[in-house]
Amino acid sequence: MTERVQKLLKESEWKEVVKDRKQLQDIFSDKEQPIFDKVIDFHIKYGGLTIFTGKEPITFGVHHLNPRGEFIYEPNKIIEFDHYDEYPELSFLCADTLCQIRWTIDKNGHIFEDFDLLTESFEAFLEDYALWNELVDNGWNVIKRNIYGKELKSILDKFENIKPIDEIQEPGIKWFRINAECFLIERNSELILFGERNLSELNREDIVKKIE
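These numbers come from a predicted model, not from an experiment.

> Whenever I open this one, the environment of I155 confuses me. Can you help?
In this fold, I155 is placed in helix α5 (residues 152–156). Residue I155 is classed as buried on the basis of its relative accessible area, which comes to 2%. Once you skip the residues sitting within four places of it in the chain, I155 turns out to touch K150, L184, L191, K210 and I211.

Next up, the structure:
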């Protein structure tokens with residue numbers, strides 16, 4: 001876990017949730033839900049953590065005392081999703097929010113975004129969030145996004161100086177540093193170019209051309 005994520009965890013709001021392992025297991029049992037150690041571990045470690053997408057709060061955990069989003073329709077319930085013939089077969093809603101995106105966790109602790117596998121660990125999810133916000137705070141912005149249908153490897157081969165961000169090399173999200181002033185992000189099937197605000201127009205056009 002990087003210093004930026006440790007700082008994020010320290011400075012974020014934490015809402016009150018059940019943290020006792022036995023009590024959590026009893027809640028799952030009462031709801032006739034299977035008990036997976038990695039799901040329980042996730043909740044004990046990160047339940048109540050609140051981050052934001054814009055101004056909308058996202059509070060993580062599989063059980064909430066005062067829910068706002070989908071959890072509110074069945075108060076204090078563990079919400080499971082069954083999707084046959086697609087992975088995962090069983091996942092649990094793991095974020096209480098009014099945001100339109102659904103985040104779920106499966107028995108292995110893998111994190112899904114609208115049922116697409118994003119990361120195999122919640123720590124990698126936090127690295128992605130923390131790095132993005134750190135760059136925004138430093139004046140970086142999105143140069144180009146909504147780039148679809150491109151093969152990542154063929155694009156990376158076009159650049160001489162590109163370095164993967166080791167902490168964010170996950171099935172559904174990958175970060176790469178291009179030279180000193182840009183990042184290329186693959187999020188599921190979308191490519192996003194993130195750069196310094198003072199990136200020259202010439203460099204900007206050259207990089208965008210290689211990606212598109």
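So that's the structure; there's more coming.
> Where do I start with the sheet that holds strand β2 (residues 49–53) in this structure?
Strand pairs in the sheet, formed through backbone hydrogen bonds, run parallel or antiparallel to each other. Sheet architecture is open: 4 strands sit in the order β1-β2-β3-β6, paired in antiparallel fashion. On the outer flanks of this sheet lie β1 (13–14) and β6 (95–96), each paired with one strand and no other. For β1 and β2, the ladder comprises 2 bridges, and the chain directions are antiparallel. Following the sheet pairing, E13 is matched in β2 by T50. Where helix α4 (residues 122–137) meets the sheet, it contacts β2 and β3 (56–60), and its direction lies at approximately 40° from that of β2.

> I would appreciate a short explanation of α4 in the present structure.
Turn by turn, an α-helix covers 3.6 residues, leaving residues three or four places apart pointing in a common direction. Taking 1.5 Å as the rise per residue, α4 with 16 residues should run 22 Å; its terminal C-alpha atoms sit 23 Å apart, in good agreement. Of all the residues in α4, the buried ones are F122, A124, F125, L126, E127, D128, Y129, A130, L131 and L135. The positive-phi residue at the C-terminal boundary of α4 is G139, with phi of around 95°.

> Could you clarify how one ought to interpret the packing of aromatic side chains in this entry?
For any pair of aromatic rings, geometry is given as the distance between the ring centres together with the angle between the planes. Applying the stated criterion to the full structure yields 14 aromatic pairs. Relative to F125, the ring of F60 lies with its centre 5.5 Å away and its plane at 80°, an arrangement referred to as edge-to-face. Of this pair, F60 sits in strand β3 while F125 sits in helix α4, placing them 65 residues apart in sequence. Relative accessible area serves as the criterion here: at 0%, F60 is assigned to the buried category. Judged by centre distance (5.4 Å) and plane angle (50°), the rings of W140 and F183 are tilted. Separated by 43 residues along the polypeptide, W140 in strand β10 (residues 140–148) and F183 in strand β13 (residues 182–187) bring together distant segments of the chain. Comparing W140 with F183 shows no difference in burial state: the two are buried.

> Please clarify how the nonpolar core should be interpreted in this entry.
As a rule of thumb, nonpolar side chains are buried together in soluble globular proteins. Within the largest apolar cluster, 42 residues are counted, with the highest numbers of intra-cluster contacts made by F60, F92, F122, F125, L126 and W175. Counting residues per element, this core draws most heavily on α4, at 7 residues. Setting aside residues up to four positions removed in sequence, L126 forms contacts with V5, L8, L9, Y46 and L49. Core analysis: the second largest hydrophobic core is formed by 16 residues, I155, I178, L191 and I207 among them.

> I'm lost on the sheet that holds strand β11 (residues 162–169) in this one. Help?
As summarised here, the arrangement of the 5 strands in space is β10-β14-β13-β12-β11, forming an open sheet in which the pairing is antiparallel. Each edge of the open sheet is held by one strand with a lone partner, namely β10 and β11. Each neighbouring strand pair of the sheet contributes to a mean axis angle of 20°, computed without reference to strand direction. In this sheet, strand β12 (residues 173–178) lies alongside β11 in antiparallel orientation, the contact comprising 4 bridges. Within β12, the position partnered with Q169 by the bridge is K174. Strand contacts of α4: β10, β11, β12, β13 and β14 (190–196), with the helix running at about 130° to β11, the strand carrying the most contacts.

> I tried to follow unusual backbone geometry on my own but got confused; where do I start?
Peptide bonds are mostly trans, and most non-glycine residues show a negative phi. Of note, the phi angle at N146 is positive, near 60°, even though the residue is not glycine. Take N146: it is sitting in strand β10. The class of N146 is exposed, set by a relative accessible area of 52%. In this model, N188 sits at a positive phi of 55°, which is unusual for a non-glycine residue.

What counts, and at which threshold
- Residues numbered from 1 in each chain as written.
- Predicted model: local features only at pLDDT ≥ 70, side-chain atom pairs only at ≥ 80, totals over all residues.
- Heavy atoms only, no water.
- Helix = DSSP H or I, 4+ residues; strand = E, 2+ residues; numbered from the N terminus.
- Buried < 20%, exposed > 50% of the residue type's maximum accessible area, 1.4 Å probe, protein only.
- Contact = heavy atoms within 4.5 Å.
- Pairing = 2+ DSSP bridges.
- Axes fitted to C-alpha atoms, helices over the stretch in contact; angles between N-to-C directions.
- Expected span 1.5 Å × (residues − 1).
- Phe/Tyr/Trp six-rings, centres within 6.5 Å; stacked < 30°, edge-to-face > 60°.
- Core = buried A, V, L, I, M, F, W, Y, C linked by side-chain atoms within 4.5 Å.

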